[in-house]
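Close look at the chain arrangement
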Amino acid sequence: PKSRVKYTPEGDAHFSEDFVQKVADHYSARTNQTLEEREASPIIHLKKLNNWIKSVLVQLYARRGDAVLDLACGKGGDLIKWDKAKIGYYVGIDIAEGSIEDCRTRYNGDADHHQRRKKFSFPARLICGDCYEVRLDKVLADDAPFDICSCQFALHYSWSTEARARRALANVSALLRPGGTFIGTMPDANVIIKKLREAEELVFGNSVYWIRFDEDYSEKKFKSSSPYGIKYKFHLEDAVDCPEWIVPFNIFKSLAEEYDLELVFVKNAHEFVHEYLKKPEYIDLMRRLGALGDGNQDQSTLSPDEWEVAYLYLAFVLKKRGQPDRM
Ligand code: SAM
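Residues numbered from 1 in each chain as written. Predicted model: local features only at pLDDT ≥ 70, side-chain atom pairs only at ≥ 80, totals over all residues. Heavy atoms only, no water.

Once that is clear, we can look at the site of the ligand. Close to the ligand lie 18 residues, the nearest being Lys-54, Ala-72, Asp-94, Asp-130 and Gln-152. Interatomic distance of 2.7 Å between a side-chain N/O atom of Lys-54 and an oxygen atom of the ligand. In this structure, an oxygen atom belonging to the ligand sits 2.6 Å away from a side-chain N or O atom of Asp-94. Compared with its free state, where it exposes 590 Å², the ligand has 89% of that area covered by protein. Of the residues belonging to the shell around the ligand, the class tally is eleven nonpolar, three polar and four charged. (Near = heavy atom within 4 Å. Polar contact = N/O pair within 3.5 Å; in protein donor to acceptor, adjacent residues only side chain to side chain. Areas by Shrake-Rupley, 256 points an atom, 1.4 Å probe, with all protein chains shown as cover. Nonpolar A, V, L, I, M, F, W, Y, C, P; charged D, E, K, R; others polar.)

What follows is about the confidence of the model for the chain. Residue-level pLDDT values for the chain average 89, and 89% of them are 70 or greater. In this model residues 1-11 is a low-confidence stretch, pLDDT under 50, and it forms 20 contacts with partners more than four residues away in sequence or in other chains. Interface predicted TM-score (ipTM) for the complex: 0.99; the corresponding pTM is 0.92. (pLDDT = per-residue confidence, 0-100. Contact = heavy atoms within 4.5 Å.)

We now examine unusual backbone geometry. Excluding glycine, residues mostly carry a negative phi; peptide bonds, for their part, are mostly trans. Backbone torsion omega between Ala-144 and Pro-145 reads 0°, so that peptide bond is classified as cis. Assignment of secondary structure puts Pro-145 in the loop between α6 (136-139) and β4 (146-152). Despite not being glycine, Glu-200 has its phi angle at roughly 55°, a positive value. Mapping Glu-200 onto the fold places it in the loop between α8 (189-199) and β6 (203-205). Looking at Glu-200, the relative accessible area reads 73%, which means it is exposed. For Asp-238, which is not glycine, the phi dihedral falls at a positive 60°. Along the polypeptide, Asp-238 turns up in the loop between β8 (231-236) and β9 (240-245). (Helix = DSSP H or I, 4+ residues; strand = E, 2+ residues; numbered from the N terminus. Buried < 20%, exposed > 50% of the residue type's maximum accessible area, 1.4 Å probe, protein only.)

Across the sheet, seven strands lie side by side as β3-β2-β1-β4-β5-β11-β10; this open sheet has mixed pairing. Unpaired on one side and paired on the other, β3 (124-128) and β10 (261-268) mark the two borders of the sheet. Pairwise comparison of adjacent strand axes, ignoring direction, gives a mean angle of 15° for this sheet. Bridge count for strand β5 (residues 176-187) against strand β11 (residues 313-320) is seven bridges, and the pairing is antiparallel. Of the residues in β11, the one forming a bridge with Met-186 is Leu-314. Along the sheet, helix α3 (residues 44-61) makes contact with β4, β5, β10 and β11, crossing β5 at roughly 165°. (Pairing = 2+ DSSP bridges. Axes fitted to C-alpha atoms, helices over the stretch in contact; angles between N-to-C directions.)

Every buried residue belonging to helix α11 (residues 269-276) is among Ala-269, His-270, Phe-272, Val-273 and Tyr-276, and all of these are buried. For α11, the angular spread of the buried residues around the axis is 160°, confining them to a single face. Packed against the buried residues of α11 are α3, β10, α12 (280-288), α13 (304-310) and β11. (Arc of directions from axis to C-beta.)

Here Val-247 lies in the loop between β9 and α10 (249-258). Taking relative accessible area as the criterion, Val-247 reaches 3% and is therefore assigned buried. Sequence separation between Val-247 and Glu-215 is 32 residues; the distance between their C-alpha atoms is 19 Å. Excluding residues within four positions of it along the chain, Val-247 makes contact with His-156, Trp-159, Met-186, Ala-189 and Phe-252.

This brings us to the pairing of β8. Buried residues dominate β8, accounting for five of its six residues. Where strand β7 (residues 209-213) and β8 come together, five bridges link them in antiparallel fashion. Among the inter-strand pairings, Phe-213 is bridged to a residue of β8, identified as Tyr-232. When β8 meets β9, the two strands line up antiparallel, connected through six bridges. Pairing of Lys-233 across the sheet is with Pro-243, part of β9. Between β8 and β9, which pair antiparallel and follow one another directly, the connecting turn spans three residues, one of which, Asp-238, has a positive phi of 60°.

Bringing the nonpolar core into the picture now. Trp-52, Trp-82, Phe-182, Phe-213 and Phe-252 are the most contacted members of the largest nonpolar core, which totals 107 residues. Here the element with the most residues in this core is α3; it accounts for seven residues. With sequence-adjacent residues up to four places away left out, Phe-213 is seen in contact with Ile-192, Ile-193, Leu-196, Leu-202, Phe-204, Ile-230, Lys-231, Tyr-232 and Ile-246. (Core = buried A, V, L, I, M, F, W, Y, C linked by side-chain atoms within 4.5 Å.)

This part takes up α8. Inspection of α8 places Ala-189, Val-191, Ile-192, Ile-193, Lys-195 and Leu-196 among the buried residues, and these make up the whole buried set. Two or three places before Asn-190, at the opening of α8, Asp-188 has a side-chain oxygen 3.1 Å from that residue's backbone nitrogen. One or two positions beyond α8, positive phi appears at Glu-200, with a value near 55°.

This next bit is on the environment of Ile-192. Relative to the assigned elements, Ile-192 resides in helix α8. Taking the C-alpha atoms as reference, Ile-192 lies 23 Å from Val-264; in sequence the two are 72 residues apart.

Following this line, the structure appears as structure tokens:
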């Protein structure tokens, strides 16, 4: 298949490394916010909506006692979600040293203004590393297999080269048990490319985000050349400002199949919200997270510009082929 072809020209490895460092530095430098700073964020409702989407994914797939691998776990913003699901073990990995430090602090429960809560009920291992470069099956030989692998708002950082995209999926596949689940969120390339076409320029956005493609980007090149390494700069107020890569979902799907990961579903975030916000338990959850005004069953607390940013993302679920060895 086409995706087996190695497109990356010699020398691109170092080129890619620079960008990997840029991404790591960007996230590492982002310090923890106080509760007041967080609530004052221009994208606070978007953040809450994204937390809701991740919580729904966790509630749909996590079962009591599960071993969870959180790739690109960041500052551990999902620890509480996993705790509520009563998981049995957690491994979190992130390339940004500063984020893993924050994650450790959050897990240990000290000096964290966000939470005055009891300790997490599951043991955890938190590691600083590059999930898309390192052979994690070696690092985590004693921790595997996992029931669930989660990669939230981060898998697109693996699409700078084919080798990294393959490493990401090989890691997930090697560490999941047969029948295990891979859940995630990442930018929706279809939406981004559609917006790029409509923009007639290489830059587009609104009051809270902008996306800028490189000068040498062209539609012709996009269609004919490698589906890896299609870089753009993403800026989201109070959240992101770094290079990212387009993940054409059809290529992602067939590459994942090569690693025995079969698509269960993929949904744009808007579709995801419309589908799951019909269910009373998820309406309640949305309200508890503060992403829904009282009595409203739509996205009304998000500003239109935040709602447009939500549209840039999708949620996916993949399943590792094979028979589950436990019910
Ligand atoms: N998953 C977390 C969440 O949902 O809150 C963090 C999401 S944040 C948008 C993206 C994260 O990906 C950052 O913490 C960043 O350091 C991490 N990341 C980017 N490239 C990575 C890599 N190669 N290996 C591990 N983590 C990476």
